[in-house]
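Coordinate inspection notes
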Amino acid sequence: MKSKDNAAGIGILGLLILLVLLPLVTVLFQVICPGLSLDKFNVSNLALVLDVFKRPLWKKAFLNSFFLSCGTTVLGLILAAILAHIRVNYKFVGAKLLDFTAWVLMIIPSFILAQGWVYFSSGNGIASAWLGIKGVGSFVFSYWGLVCVMVLCKFPLAYVTIKTSMEWYPSRLMHAARMNGASAFRAWKNVQLPLCIPAYCSAAMLIFMDTVGDYGMSSTITAVYSFPTLPYTIYSAICSSPVRFDMAGVLSLYLMVMIVIAMAVQYGAMGKKKFDFLDNGTERVMAVSPKKPVQVLLTTGTVLFCLIALGIPVGSELIMSFSGSVSVQKFTFTLDNYKEVLSSAGSMVSGIKHSLGLAGISAVFGILIGFCVAYVLTYSRFKLKKLIDMLTLVAMAVPGVVLGIGYIFVWNQKWLTKVGLHLYGTPSILVLASVAAAIPMINRVLVGGMAKIPGSLLTAAQMQGAGFFRKIRTILLPLLHNSSVSAVLAAFGGSVFNLAITTILYPPNYSTLPVYISDSYNDLKFGYAAAATMVGGAFIVGIMMLLEVVLNAGYRKKQGH
Amino acid sequence: MELKDVKKNYGKKEILKGINLTVQEGEIISVLGPSGCGKSTLLNIIAGILPLNAGQVFVRGKEMSSPHKVVPIEQRDMNMVFQDFALWPHMKARDNIIYGLKVRKTDKAQMQEKLHEVETLLHLEGLLDQYPAELSGGQQQRVAIARALITNPSIILLDEPLCNLDVQLRIEMRTEMAQLFRQLKTTVFHVTHDPSEAFAMADRIIVMNQGVIDQIATPAECYESPRTITVAGLLGAGNCVHGAVMEGPAEADNAETHTVVSMQNRKLVCKSFQNVKKGQKMLLKFRPEECIFVEKECKNAIPVRVVMSSFEGGQYRVKVETDGGDTFCLLHPTFLKEQQTGYAQILPERLYAYEEISG
């Protein structure tokens, strides 16, 4: 039993090292060994690490990323906390609109949101041309403007986390504090607030990590406003001539260091405390109906907020998709963009096909590997479980750009040609990278699902004589059905729109949907890019909905419901 | 089943310190002990859920566990009723019960026959098509027992199977279970922290403390002659007074098992399980219900003063204090006034003496 645990654990560990750690290490190794060429190996290159404070572009990219992420984290956390507080504690019309907006914003890839904001705010964009609001462009394309846009795109990560923690009120613990003489405020400060701190820390870390590693937003904004960030500069170092391996290595190092510090701060803030207070003494918070004027105020505020956060980027995309001109100022209604998208069967349809194929394979392999990882983490007694857990966290934290570049270094070595594993330039490398990118999300979802299934249910099956695979097939999988479907859909959706990895790794003549949209946008074919986004998005969402129906229908049929 | 010098560590902490035990076929064994004594660890080692660090576990002469070998759980021919019942929530009661038969590819007719048998035996009529969430605690427990019984295992393991039930149901179910297992002559290894559950079910009780077995005996023997101070405390002898061994033969019938202890210049005859020396300090343990308050001086009695009486429904629990400052409780049919003086009499057979270990 123990040896089986060990064998499974070692296998999983090996796979994670190959898929995540090795690419990451090779990127960082570029600092002292550019291009992984041993004749260029030079330890003194480590001095380059300090060059980030001397070379203007490196310094600017580093500082831009740092301050953008810090600003977004602080403001995003405040906004998310306020919205979560309102949503949990008050009943008002439109409350659910807030949840809907948050979930949709989390699903839409950042480069599409960014395109929407560009269409709205640029000099002759919707804000100035149609609404007559001057100065929007100069505000949005400034540090504080970008922070605001980022906050509106990233706040859902914190909102969902904080809201979940606020939904439960530790009544027994609060009563105990009051019995001991604490005032309502003191009880909140000393009991309720500390219990929520892990949620706030996690929320802050999620926003910070997502912002600092966001390639889609920075690559899109760069087209109209020069605001170099680390992910985009790393991409440029590798994908423009002359190739700067050392620069990519140093900047990746700083990117990872920032993420690691954010994670360390979170762990430090949480310490070793475990805040499990969801027991019988915890009550679900009941939202109350405020007075009429307050209700009207909350409803109006919520609708306005949702219009800004979701309506502006999505609405702008929609408007632009019907625009006959690059500039909204000269807007003429046309369906030509859609006609062109749908008729240019060659590139658009093949892009969708490639993306769907990639996403399908990533979801299948991702769920297989993610399931094994989650099983080992939840039920096995493998001694290096913590290392596996840490690697999945690293996989979640590594920005797509760094992972993608790492894959180039790992799979573009000459000696691999001899063993038939020279994967760079083939769709296989995209598959591998997409699987690696999908594993953390799948793993988190499945670990959450498995945490609710006590090990005794599996032991009980073994007691009845069931072997390992029977136990998995008849007990674990049926109980994990919902989590598995969520994990598959999340991995599928995430892979379809993964811009960073596909931009860096797509082989010649193997364009994917996000690359296709992004290229059209960079070629200033705004209407066409927007129409492609709409068509591609609708197609993918349709497929995901169908997939969900099929997966659940199969399950219901099997269960005889 | 035989356990030979079974040891288990968690890191540097020794949980089981060499357990030796033999269980006969058809015997019901209850393992009793305070939290953290190692009883659940022992059960999990027998089940094959946990590996051991030293020793061996044999079932019908076949080695099941040793540091180098662990027969997988599914190949041990054991079954278990879990503390939380571990019923699979996505399967109806029927599917939960026959799961083991399906694994063994039992033919349908035989499966139906066996299902009908356990259905009748455990009064599950009308419940088989319900999901676990639709069943009450007692019904869930009966389904869990049915699932464990239907595969006809050589040993059934019970991991505190009653602790999730309410008091009334617990009392009912422990009697039912004892009757059922005796009727079926099943070998049962039962872990509990509740003495009355162990008394109701077991042929023999194992009392564990800090990773070792303190006593293995019949329930009556454990109750009447608790070998260690922990066993005495666990089986209700919570009252404790101090004394010292006196010289001279015991004035009881069984002089070889009894000793005479002095307490406030009075002689008390008590049961003793160790070799004691004159002058040795002793702790005397006894149960409140086996101590009588009398007003006049008598044999084997301690002078006491009433501290308080509290009504318990049908009788009073009276807290008393000796001249030496020891306090203990006794039960009395009527209310006794504060400061009232008298004597607490305990029969020699019910007064247990243990060596007092300093520190």
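What counts, and where the lines are drawn
Residues numbered from 1 in each chain as written. Chains lettered and ligands numbered in written order. Predicted model: local features only at pLDDT ≥ 70, side-chain atom pairs only at ≥ 80, totals over all residues. Helix = DSSP H or I, 4+ residues; strand = E, 2+ residues; numbered from the N terminus. Buried ≥ 20, exposed ≤ 12 C-beta atoms within 10 Å, placed from the backbone. Contact = placed C-beta atoms within 7 Å. Pairing = 2+ DSSP bridges. Axes fitted to C-alpha atoms, helices over the stretch in contact; angles between N-to-C directions. Domains from an automatic or database assignment. Nonpolar A, V, L, I, M, F, W, Y, C, P; charged D, E, K, R; others polar. Parallel < 35°, antiparallel > 145°, perpendicular 65-115°, else oblique. Left-handed = near helix turned anticlockwise from the far one by under 90°.

This part covers the overall build of chain B. When helices and strands are counted, chain B shows eight helices and 21 strands. Considering chain B as a whole, with its 359 residues, one finds that 42% of them fall into the buried category. Across chain B, contacts joining residues at least 24 apart in sequence account for 64% of those joining residues at least 6 apart.

In a beta sheet, neighbouring strands pair by backbone hydrogen bonds and run either parallel or antiparallel. Residue and element names in this part refer to chain B. Pairing is antiparallel across the open sheet formed by five strands, whose spatial order is S2-S1-S4-S5-S6. Edge positions in the open sheet fall to strand S2 (13-22) and strand S6 (69-70), since each of these has one partner strand only. Helix H1 (residues 39-47) contacts strand S1 (2-10), S2, strand S4 (54-59) and strand S5 (62-66) of the sheet and is inclined by roughly 65° relative to S2.

Let us now look at the domain arrangement of chain B. Entries for chain B in the domain assignment read domain 1 (2-225) and domain 2 (237-355). Averaged C-alpha coordinates put domain 1 of chain B and domain 2 of chain B at centres separated by 39 Å.

Residues and elements named next belong to chain A. Here Gly125 shows up in the loop between helix H4 (110-121) and helix H5 (126-129). Judged by C-beta crowding, with 26 C-beta atoms within 10 Å, Gly125 ranks as buried. The spacing of Gly125 and Gln329 is 204 residues in sequence and 6.9 Å in space, taken between C-alpha atoms. Those residues in contact with Gly125, other than ones at most four positions away along the chain, are Tyr119, Phe120, Gly137 and Val328.

With that settled, consider the interface of chain A and chain B. Listed by partner, the interface residues are 18 residues for chain A and 20 residues for chain B. When contributions to the side of chain A that touches chain B are tallied by element, the ones reaching two or more residues are helix H20 (455-463) and helix H21 (468-479) of chain A. In the side of chain A that touches chain B, the residues fall into 10 nonpolar, six polar and two charged.

Turning to the environment of Lys337 of chain B, a few remarks are in order. Residues and elements named next belong to chain B. Within the secondary structure, Lys337 sits in the loop between strand S19 (327-332) and strand S20 (341-346). Judged by the 8 C-beta atoms lying within 10 Å of it, Lys337 falls in the exposed class. Linking Lys337 and Ile292, residues 45 residues apart in sequence, is a C-alpha distance of 16 Å.

Let us now look at the packing of helix H7 (residues 143-166) of chain A against helix H9 (residues 184-212) of chain A. All names here are of chain A. Running from amino to carboxyl end, H7 crosses H9 at an angle of 155°, the nearest separation of the two axes being 9 Å. The pairing of H7 with H9 is recorded here as roughly antiparallel in orientation. Of the two possible hands of crossing, H7 and H9 adopt the one that is right-handed. Here H7 contributes Met150, Lys154, Leu157, Ala158, Thr161, Ile162 and Ser165 to the contact with H9, which in turn contributes Cys196, Ala199, Tyr200, Ser202, Ala203, Leu206, Ile207, Asp210 and Thr211. A class-by-class count of the residues in the contact of H7 with H9 yields 10 nonpolar, four polar and two charged.

Residues and elements named next belong to chain B. Here six strands make up an open sheet; going across it, the order is S7-S8-S9-S3-S10-S11 and the pairing mixed. Of all strands in the sheet, those with a lone pairing partner are strand S7 (78-81) and strand S11 (212-217), marking the two edges. Pairwise comparison of adjacent strand axes, ignoring direction, gives a mean angle of 20° for this sheet. Relative to strand S9 (residues 188-192), strand S8 (residues 155-159) runs parallel, the two sharing four bridges. Bridging from a neighbouring strand, Ile156 pairs with Val188 of S9.

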